[in-house]
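A look at the structure
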Amino acid sequence: MIFGAAPLAADLAGAILAHSLKTRDRVIHKGAVLDDVLIAALRAAGHAEVTVARLEPGDVPEEDAARRLGAHFAGPGLRVAAPVHGRVNVFAEAHGLFRLDAAAIAALNGLDEAIALGTLPDATPVAPGDMLATLKIVPFAVPGAVMAHAASLLGAGAPLRIEAFRPLRTGLVLSRLPQLKDAAIRNTIEATRQRVAARGGALLDPIETPHETAPIRAAIDALLAQGADLVLIAGASAVTDRADVAPAAITEAGGRIDRFGMPVDPGNLLCFGRIGAVPAIVLPGCARSPRLNGIDFVLDRVFAGEPLDDALIASMGIGGLLKDFAPRPEPRVPRAARRTAPKIAVIVLAAGRSSRAAPQNKLLACLQDGRALVAATVDHALAARAALVLVVTGHQDDAVREALSGRPVRFVHAAAFGSGMAASLAAGINALPADTAAALICLGDMPLVDAAAIDRLIAAYDPDEGRAIVVPTHRGRRGNPILWDRSFFPEIAALTGDAGARHILARHVDRIAEVEMPDDAVLRDFDTRDALAELKDRP
């Protein structure tokens, strides 16, 4: 192909216009093939020279090149659209797992800059109508020799394919412990039902059992007798070893464990085995949620009929980091739309009367560095990876605000602060933005809890893994601050009197994660005159 500017003359007939040009009454668009009529119209509009592409012998025009190369992508479950401006798109016509020949596609894209093929990532689950790939002929033509080489590359095997999902009959065993809430069972059943249905399968009636090997094994036997093609086990407690309760049930049912653990997060604690030809999977805790996690990677392969073993699960680590939260500042895009990190707020309670330290307001006590005690607490919160720091005021509101002057915090006044801590908690919770995922409730008189400690609590938060309440500990003793998922906000806001939110913990033991801290700062508040004197003497 010869490209460049040329005088507008009759011998340009058959050349391809490289740039759109305007005449008196129309626009002649880029890609138009010049003929006598178009040449005359351009002359009449005052154009003496134009930039064109002229094909040489053997060159294949872009539309024809796109059509011919696109034909190599046709196959079961695939639809190749008609070429438009040198581009063909490939669409799915079936539910399944999109697979590709990475080496062939890399070779095609490296063959010549005239050909550009972009695809979805390999092993992406797709539905009818999803666009899988787009092939673009970049210039106006492709040399014949390049076309021949490209056709040879693509003709060696199907570069794109869909492994259609099979309608597997899926059994689900749910084990129970006394502390497991009915809501957790319901959520697991619904999330599993959605996953199975999305892949064209059918969920058999779930079976609930005690969290013991023998009854789980009996439930597995019952599901296999019903013709289950796949057995899933949702344990009441996370698997900690191949010999744990649920994996042991698989082996006692005559099966084997091929892999414990996977390099996908969330989903690390998945356990994969099989009983004869039937896959048997102990679900990770995150499978109680419908959000993307490691079980989805495994189910895609199982429903697509692909062989799954230890090596394949081990290979899932690339692209297996799915979570986004503050200590991981660069979000990933794993086969789905980009998700932002959850917004965590810190609520600093600074409304109390400070009666135990009277007549002094403990929050306004001056530390050696000249800051008020509450200012030290708030500065640690501001240095942490939180999206918002909200300070609840009440007693001596003006003085507390003055002590925090110039800091980027949001204030809310608890008008009923005199009735007890519950009023402060409700004021803080009700003032949070609607998109707040969780709140760390921090006492204003705990200035030794630094930003690193707060970040450790934020990093541990993962409601999909059952870590919806995060509690700091030191040598087995629970302390403050405590991080609460937004699902608990209504319970916290409904508290009354001087009781804090701690008694809510007893109702949700299955959703608590404890984080051991290296020092006792999370156990120490300074609410008496002696404690304040000790704090002021600290360097």
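The structure displayed is predicted, hence computed values, not measured ones.

Scoring rules and cut-offs
Residues numbered from 1 in each chain as written. Predicted model: local features only at pLDDT ≥ 70, side-chain atom pairs only at ≥ 80, totals over all residues. Heavy atoms only, no water. Disulfide = S-S within 2.5 Å. Buried < 20%, exposed > 50% of the residue type's maximum accessible area, 1.4 Å probe, protein only. Helix = DSSP H or I, 4+ residues; strand = E, 2+ residues; numbered from the N terminus. Contact = heavy atoms within 4.5 Å. Pairing = 2+ DSSP bridges. Axes fitted to C-alpha atoms, helices over the stretch in contact; angles between N-to-C directions. 1 Å grid on protein atoms, 1.4 Å probe; cavity = no way out; pocket = protein on both sides within 12 Å on 5 of 7 lines; lining within 4 Å. Points joined across faces, edges and corners; volume = space filled by probe spheres on them. Nonpolar A, V, L, I, M, F, W, Y, C, P; charged D, E, K, R; others polar.

Topic: the state of the cysteines
Inspection of every chain in the model, using the stated rule, returns zero disulfides. Looking at the unpaired C271, the closest cysteine sulfur is the one in C286, lying at 14 Å. Note on C271: relative accessible area 0%, which makes it buried.

Thoughts on the environment of I185
Position of I185 among the secondary structure elements: in helix α5 (residues 182–198). Owing to a relative accessible area of 4%, I185 belongs among the buried residues under this scheme. Here the alpha-carbon distance between I185 and S175, two residues 10 residues apart in the chain, equals 8.9 Å. Beyond its immediate sequence surroundings of up to four residues, I185 is in contact with L174, S175, R176, L180 and E208.

A word on the sheet that holds strand β11 (residues 124–126)
Taken in spatial order, the three strands of this open sheet run β11-β9-β14, and their pairing is antiparallel. The open sheet has two free edges, formed respectively by β11 and β14 (160–164), since each of these has just one partner strand. The average angle at which neighbouring strand axes cross in this sheet is 40°, direction not considered.

A look at empty space enclosed by the protein
The full count for this structure, using the stated rule, is one cavity of 30 Å³ or more. Space inside the largest cavity adds up to approximately 30 Å³. Every residue along the wall of the largest cavity is listed here: T192, R195, L232, L283, A287, I295 and L299. At the level of elements, α5 and α8 (294–303) are the ones that each hand at least two residues to the lining of the largest cavity. Taken together, the residues that form the lining of the largest cavity break down as five nonpolar, one polar and one charged.

Things to note about the side chain of K362
Mapped onto the elements of the fold, K362 is located in the loop between β22 (343–350) and α10 (373–383). Judged by its relative accessible area of 17%, K362 falls in the buried class.

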